[in-house]
Amino acid sequence: MSDELLKIRREKLNELKEKGINPFPYTYNKTHNAEQILAKYKDLKEEEESPEVVSIAGRIMTKRGHGKASFATIQDDSGRIQIYAKQDIIGAEKYDIYSKLDMGDIIGVKGHVFKTKTGEVTVRVQEFEILCKALHPLPEKWHGLTDKEIRYRERYVDLMVNPEVKEVFVKRSKIVSLIRKSLEEKGFLEVETPILNVLQGGAAAKPFETYHDALDMPLFMRIAPELYLKRLIVGGFEKVFEIGRVFRNEGISYKHNPEFTIIEVYQAYADYIAIMQLTEDLMVAACKAVNNGSLEVEFKGEKISLAPPWKRIPLTDALAEAGVLIAGKSEAEIRQIGKEKGVEGFAEIGVGKIINVLYDKYVEPRLRQPTFIIDHPVETSPLAKKHRSKAGQVERFELIIAGMELANAFSELNDPLDQRERFNKQAELKAAGDTEAESMDEDFLRALEYGMPPTGGLGIGIDRLVMLLTGQPSIRDVIPFPHMKPL
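Below you will find a few notes about this structure. Just so you know, these numbers come straight off a predicted model, no measurement behind them.

### Considering the nonpolar core
Looking at soluble globular proteins, one finds that nonpolar side chains tend to be buried together.
At step 1: Grouped together as the largest cluster of nonpolar side chains are 48 residues, with contacts concentrated most on Leu183, Ile263, Leu306, Phe397, Leu458, Leu468 and Leu469.
At step 2: Looking at this core element by element, the count peaks at 10 residues for helix H9 (residues 272-290).
At step 3: Those residues in contact with Leu469 that sit more than four places away from it in its chain are Ile175, Ala286, Cys287, Val290, Asn291, Val297 and Leu306.
At step 4: Of all hydrophobic cores here, the second largest spans 26 residues; its members include Ile90, Ile97, Val109 and Phe128.

Here you go:
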């Protein structure tokens, strides 16, 4: 952006002030938005004028015409509408000010609605008011704003000039709202739990650390709300959920951002089978809501059908289908398989984590249609209940769609003695260098000792779900302000 263009805008700002015009007034009384006017007056005859005067406001996106009359397009929250200004109507002095307006300026317009010879519903300007003088020009219209780096850094501009981007975030809001409404209709209560945690816990992830000066103690940004939500189940709530941000100190990719939105749901007297059905119900409803009732979406050029029921495959079977045979193998044999498959640190990490790495590498990427991968290793699932019939496994599922994990769920562990033993094993892994291992949480163990009913728990990554349902290839396309390195 040239300094000269910025200079010209500031000169225009000063000129307005010299004329006694406030370029940043406090309020404006709108009677309609663009969408309402276009709908209400779509049946006007050519050059017919509405009897009523409307008042609209928005940002100037295009301008054309010279001399004593000109057209412009203004954009508000609902869309765009054409306006027409003529010197004979608003007067020479006012028209001179109007003609010097720039694209990007925000104005209020009052006038009758008419339809042009080309059939476009238009507001004839009788009065106008400058509501905000834009000091930075919009991107040139013939180039648009296509540079991804700039779009993510300057999302406010991206939203102005790319209507399809705004639509993604409108759909995101609808998805979250629909899930919230669906859960409330099923009797779930929305709650809030701490974001600053004394201990790292609730998921396998490396946390962000911070410090509280007044208490003189380190704290962790939460990686999951799980342990607090289960405390509420102990306290007597039977159906709770939380939608909020979690923070994980991990790499950035098309499906990873260091902070992201999750929904966690806990239902007393349910197991992971019941939670599978709940997961299907929530996602199917969300898909229909933002895709005109359709259960087919397109993601990275691939057709994905969310029509239930979804496949349910045990993890060991899924590995076998991918050519990795571990069923019935000894720990030593699985370690050898891990070594042959290039699993780093195979000698130091537990065999369960080796299985998990093999799963991440050979199973997850090849699953395209909705699939529940069920029954995971105990070692990588320290908060899940042991499987009622499969030794060494837990009642857990991950939902994979288009090669991404979208949901994770358990029959929740409610045996405090088993939970203590699991925490002890996690402590051993942490001592061996596993930064993602769980911490020993004595208060949570104390809560379990008071008694937690059988419970099913669920976590859904909202950002990935929005990616899938809106066809966006990167998590950065569904987060309004993704993390970027400073320029």
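Moving on from the model shown.
### Considerations on helix H1 (residues 3-18)
At step 1: For H1, which comprises 16 residues, the first-to-last C-alpha distance of 23 Å matches the rise-based estimate of 22 Å (1.5 Å per residue) to within 8%.
At step 2: Of the positions making up H1, those classed as buried are Arg9, Leu13 and Leu16. On an axial view of H1, the arc spanned by its buried residues comes to 60°, and they lie on one face. Of the exposed residues in H1, the ones pointing more than 90 degrees away from its buried face are Asp3 and Glu18.
At step 3: Packing partners of the buried residues in H1 comprise helix H4 (92-99) and strand S6 (127-132).

### Details of the pattern of salt bridges
At step 1: Under the definition given, this model contains 37 salt bridges.
At step 2: The closest approach of N and O atoms between Lys19 and Asp96, which form a salt bridge, is 3.6 Å. You can see Lys19 sitting in the loop between H1 and helix H2 (34-40) and its partner Asp96 sitting in helix H4, a full 77 residues away along the chain.
At step 3: Residue Lys19 is classed as partly exposed on the basis of its relative accessible area, which comes to 43%.
At step 4: Here Arg222 ties to Glu242 by a salt bridge, and the two come within 3.0 Å at their closest N and O atoms.

Each value, and the rule that gives it
- Residues numbered from 1 in each chain as written.
- Predicted model: local features only at pLDDT ≥ 70, side-chain atom pairs only at ≥ 80, totals over all residues.
- Heavy atoms only, no water.
- Core = buried A, V, L, I, M, F, W, Y, C linked by side-chain atoms within 4.5 Å.
- Buried < 20%, exposed > 50% of the residue type's maximum accessible area, 1.4 Å probe, protein only.
- Helix = DSSP H or I, 4+ residues; strand = E, 2+ residues; numbered from the N terminus.
- Contact = heavy atoms within 4.5 Å.
- Expected span 1.5 Å × (residues − 1).
- Arc of directions from axis to C-beta.
- Salt bridge = Lys/Arg side-chain N within 4 Å of Asp/Glu carboxyl O.

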